[in-house]
Amino acid sequence: MSQNLSEPPPKPTISETMAQLQTTPQGLTAEEAQKRIQQWGPNALKETRVSPVMRFLHYLWGPIPWMIELAALLSGIVRHWADFIIIMLLLIFNAVIGFWQEYQAASAVEALKNQLALKSRILRDGQWQEVPAADLVPGDIIRIRLGDIIPADVQLLSGDYLSIDQSALTGESLPVSKKIGDAAYSGTVVKQGEMQAVVTATGMHTFFGRTAGLVQKAGAVSHFQKAVLRIGDYLIYLALGLVAILVTVQLFRGAPFVQLLQFALILTVASIPVAMPAVLSVTMALGALKLSRMRAIVTRLESIEEMAGVEILCSDKTGTLTQNILTLGTPQAFGKAVDEDTLVLMGALASKAEDNDSIDMAILAGVKDNSRLAAYQEEKFTPFDPVSKRTEAVVRDADGVVWTVTKGAPQVIMTLCAPGPELQKQAQDAVEQLAGKGYRTLGVARRQGDGAWTLLGILPLFDPPREDSRDTIARAEAHGIQVKMVTGDNVAIAREIAGQLGLGTNIQPADQLFLKNVDINHLDAAAEEKIEAADGFAQVFPEHKYGIVKALQQRGHLVAMTGDGVNDAPALKQADVGIAVSGATDAARAASALVLVAPGLIVIIKAIEEARRIFERMNSYAIYRITETIRIMFFVVLAMLVFDFYPITAMLIILLAFFNDLPIMAIATDNTWLDPKPVRWDMHRVLTVSTVLGLIGVVETFGMLLIAKDYFHMAIPQIQTLIFLKLAIAGHLTLFIARTRKPFLQKPYPSPALLWSAIGTKVAATLLVIYPMGLIAHITLLQAAIVWAYCIVWIFVEDRAKLAVYKHLETDTPRHYPFLDLLHMPLMAGKRENRAR
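All figures in this text were calculated on a predicted structure; none of them were measured in a lab. Residue positions within a chain follow its written sequence, with the count starting from 1. For a predicted model such as this one, the threshold for reporting local features is a pLDDT of at least 70, and the threshold for listing and counting side-chain atom pairs is 80 or more; totals across whole chains, interfaces and linings nevertheless cover every residue. Remark: hydrogens and water are excluded; side-chain values derive from all non-hydrogen atoms of the structure.

### Notes on helix H21 (residues 542-554)
Link 1 in the chain: Taking 1.5 Å per residue, 13 residues should reach 18 Å; H21 reaches 19 Å between its end C-alpha atoms and fits that length.
Link 2 in the chain: Under the scheme applied here, a residue whose accessible area is under 20% of the maximum for its type counts as buried, over 50% as exposed, and between as partly exposed, the area being computed with a 1.4 Å probe on protein chains only. By the criteria applied, helices consist of DSSP H or I runs no shorter than four residues and strands consist of E runs no shorter than two, each listed in order from the N terminus. Buried residues of H21: Pro542, His544, Lys545, Tyr546, Gly547, Ile548, Val549, Ala551 and Leu552, and no others.
Link 3 in the chain: Looking one or two places after H21, you find Gly556, whose phi comes out positive at around 90°. Multiplying 1.5 Å by the helix residue count minus one yields the expected span of that helix.

Written out as structure tokens, the structure is:
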């Protein structure tokens, strides 16, 4: 397309557009809209969908499937048909598991996208209503205002003006002003103003249409995933290195090449964490789905890691710490010419019921005689925006006199009116007295024609704290989260509310922290210290939020910030976890990592707690997977080097992979310990714990091998079967140890899905070795019972070692062991490389 994005093609006049679309300013009927959606389709971009068959075949193609397929081919060449069948079953099993896990993750993300679908205010059947943006059709009349993402291509019909951010389409950083008759495009963001418009194109027919959902692709990789995938790479290198040593030594000993190669391939495949991407994606996707049921919707799955590590939560006061149910107090009218009822009436004229704003609705509810309100005709309305901090309306009374009325922040209204010293003091005293009682205040003023503004009085509004806020803040502090209140109200109101909530009274006025000549990105150390020590911030403008987040991050904290307006978007993006509160604008939701669909601080705290549990599940999986690779690889290679025979056959290794992978998929549902402190990825801890457990497992398995060889005097095939059973039982018992930092018999206990899948596979493995049906060598029930007893004894040894390692790691100056450091070196180098980037 050669058209310059900043110079859209000329548009027809409004009357021409309305005639072409066969619509009227009263909008369409529901019946006509249904006909048009059949003609034009939904207001959404077409998505390229891969067929389920192609998705499944994808799991049969790649380095890991190639190794399994080559092993199967080698089994066929040497006519080991039982091995061939079981290897092919493993290949299909891995493909089915991967396909199913991807399907689960995709379904969870799709459910989140549906919950985050954009809504539009639309005139249908002569009534304003809110419908999903996907239901818009050409010819619909919609209202767009501050903070909206424009849902379709439109032509502006009525209203004052719009200021629109088109940077996503044109690359221009400055907002563009739009007036009646201008076109506005899908995907752009309204920065100021409010207008009505007619939809001219939807979905794939838009000029620059882009109504994609707020949830980003699940394929984005977090720091945690990168670290775990780096572990996967390390395990592959470790496996390949040990296999290379094994192959070299065995070839010198004269072992058959094809049989050795087949075994090496199977051993490598069994040691590589094939299920790792599936386990990670499903754990996070199912966790995100659970969060959505708590009324907190994750827009980016990778943000769960940041949520788990949040140390400071900067929370809006209104609607999060308070009930956002405003009640009009006793009006403070100034002068004899204005009584309380007239003051409320003037405030109501500067309000708009259609916007459903809580402040406007409280003032409109305070009008005692609605007939007085109906006597005025509105000619122009300028909605509130965070910069001007006031609304304004031009109205005509019953006598034809034109008045301009305004309401807004008292300091803004007083500056506008410039009252005399006596009236100024009266207004300031009223504001301070009301603020000391926890009231928010609005100034009201009017002027006749183009005359001077007259300050009419102050309207007090009270928004009581939520009943659960104080207890929730205490709960947050118990979990290592410091809550800092952020409000646009003055210091007196903020201090009163903070005191009621138990937050402390060190409230910093943001306009004094961020002076006009101060670079918000480079505060001095003294200002940063004040921000870090503050219990809350008052007189906050949106740009101050960004500065608060930046300063706290400079002090080394992971910060969550709440917001609801379009001007909050920079702060929400800068925060480690941006949180769009209930009722937030589309622009704020698009910039956030977490979108709340219910009010209150408790929703945020529960979401952070659940994120920590999700993190612990992934952490447990990482420890378990490293432990198993070290246990199997080191044991098999060392046993072959020492005893010169296969301690386990290729087919048994494949069966072991079957039995290990089934329960591990249930880890996404596990009950986990809730860390009382913010959690971050600790590579050294994971590697130390898993290495110790893995090496204990090697010693433990060697012990079992010696018992079978020297005590039971078993033949090699029976030894191989015994070792298979031992590895199958011990592997799942190790999972129960790795999943908690406490003694494994203490709460939280494993989830039923994890527990019974592990028990089921252990029982199946036991039955297989006792009744092998000719597939493998047979061992007796007594020998199987001895293996069970042996593994159960060793699990207590492993558990004690794990507790000792965690205690050692929690000391102030933990010692380092050269052997462990040698094992960790490649991973720690990778971690330093990531930090440098």
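### Comments concerning the pattern of salt bridges
Working definition: two side chains of opposite charge can pair if their charged atoms are close together.
Link 1 in the chain: In the sections that follow, a salt bridge refers to a side-chain nitrogen of Lys or Arg positioned within 4 Å of a carboxyl oxygen of Asp or Glu. Tallied over the entire structure, the rule returns 31 salt bridges.
Link 2 in the chain: Between Lys368 and Asp341 there is a salt bridge whose closest N-O contact spans 3.6 Å. Highlighted residues: Lys368 in the loop between helix H13 (358-365) and helix H14 (370-374) and Asp341 in helix H12 (residues 340-349), separated in sequence by 27 residues.
Link 3 in the chain: Overall, the relative accessible area of 72% leaves Lys368 in the exposed class.
Link 4 in the chain: Judged by relative accessible area, Asp341 falls into the partly exposed class, the value being 34%.
Link 5 in the chain: For Arg466, the salt bridge is made with Asp468, and the minimal N-O distance between the two is 3.7 Å.
Link 6 in the chain: A single salt-bridge network, built from bridges that share partners, covers Glu628, Arg631, Glu700, Lys726 and Glu798.

### Observations regarding the packing of helix H26 (residues 683-711) against helix H27 (residues 716-738)
Link 1 in the chain: The axes are straight lines fitted to the C-alpha atoms, using for helices just the contacting stretch, and the angles between their N-to-C directions are given from 0 to 180°. The N-to-C vectors of H26 and H27 enclose an angle of 150°; their axes lie 10 Å apart at closest approach. With respect to H27, the element H26 is oriented roughly antiparallel. Here the hand of the crossing between H26 and H27 comes out right-handed. In this structure, H26 uses Leu693, Gly697, Glu700, Thr701, Met704, Leu705, Ala708 and Lys709 to contact H27, whose residues at the interface are Ile719, Leu722, Ile723, Lys726, Leu727, Ala730 and Ile737.
Link 2 in the chain: Among the residues making up the contact of H26 with H27, the classes are represented as ten nonpolar, two polar and three charged. Here the word oblique covers every angle except those under 35 degrees (roughly parallel), over 145 (roughly antiparallel) and from 65 to 115 (roughly perpendicular). By convention the crossing between two helices is left-handed if the near helix lies anticlockwise of the far one by an angle smaller than a right angle, and right-handed if it lies clockwise. Any two residues having at least one pair of non-hydrogen atoms within 4.5 Å are treated as being in contact. Nonpolar residues are Ala, Val, Leu, Ile, Met, Phe, Trp, Tyr, Cys and Pro. Charged residues are Asp, Glu, Lys and Arg, and all others, Gly as well, are polar.

### Describing unusual backbone geometry
Link 1 in the chain: The peptide bond linking Lys747 to Pro748 adopts the cis configuration, its omega dihedral lying at 5°.
Link 2 in the chain: Turning to its location among the elements, Pro748 is positioned in the loop between H27 and helix H28 (752-770).
Link 3 in the chain: In this model, Gln22 sits at a positive phi of 55°, which is unusual for a non-glycine residue.
Link 4 in the chain: Within the element layout of this structure, Gln22 appears in the loop between helix H1 (14-21) and helix H2 (30-40).
Link 5 in the chain: Phi angles above zero are rare outside glycine, and Ala418 is one such case at about 50°.
Link 6 in the chain: With respect to the element layout, Ala418 can be found in the loop between helix H15 (410-417) and helix H16 (421-436).

### Here we look at the nonpolar core
Link 1 in the chain: Residues Phe263, Leu267 and Phe724 are the most contacted members of the largest nonpolar core, which totals 144 residues.
Link 2 in the chain: At 25 residues, helix H24 (residues 601-643) tops the list of elements feeding residues into this core.
Link 3 in the chain: Not counting residues up to four positions away in its chain, the partners in contact with Leu267 are Val243, Leu246, Ile632, Met633, Val636, Val637 and Ile653.
Link 4 in the chain: Working definition of a nonpolar core: buried Ala, Val, Leu, Ile, Met, Phe, Trp, Tyr and Cys residues. They are joined through side-chain atoms within 4.5 Å. Core analysis: the second largest hydrophobic core is formed by 28 residues, Ile312, Phe514, Leu552 and Ala571 among them.

### Thoughts on helix H20 (residues 525-533)
Link 1 in the chain: Of the positions making up H20, those classed as buried are Ala527, Glu528 and Ile531. For H20, the angular spread of the buried residues around the axis is 100°, confining them to a single face.
Link 2 in the chain: Each element contacted by the buried residues of H20 is listed here: strand E17 (482-486), helix H19 (510-513), strand E19 (536-538) and H21. As used here, the arc is the angular range of directions from the helix axis to the C-beta atoms.

### Here we look at the pairing of strand E16 (residues 454-462)
Link 1 in the chain: Within E16, seven of the nine residues are buried, leaving the element largely enclosed by the surrounding structure.
Link 2 in the chain: Pairing analysis gives two bridges linking strand E10 (residues 327-328) to E16, with the strands arranged antiparallel. Its bridge partner being in E16, Leu328 is matched across the sheet by Leu461.
Link 3 in the chain: Two strands pair when backbone bridges link them, and strand E11 (residues 332-333) and E16 are joined in this way by two bridges, in the antiparallel orientation. Each bridged residue has a counterpart across the sheet, and for Ala333 the counterpart in E16 is Gly457.
Link 4 in the chain: For strand E15 (residues 439-448) and E16, the ladder comprises eight bridges, and the chain directions are antiparallel. Any two strands with at least two DSSP bridges between them are considered paired.

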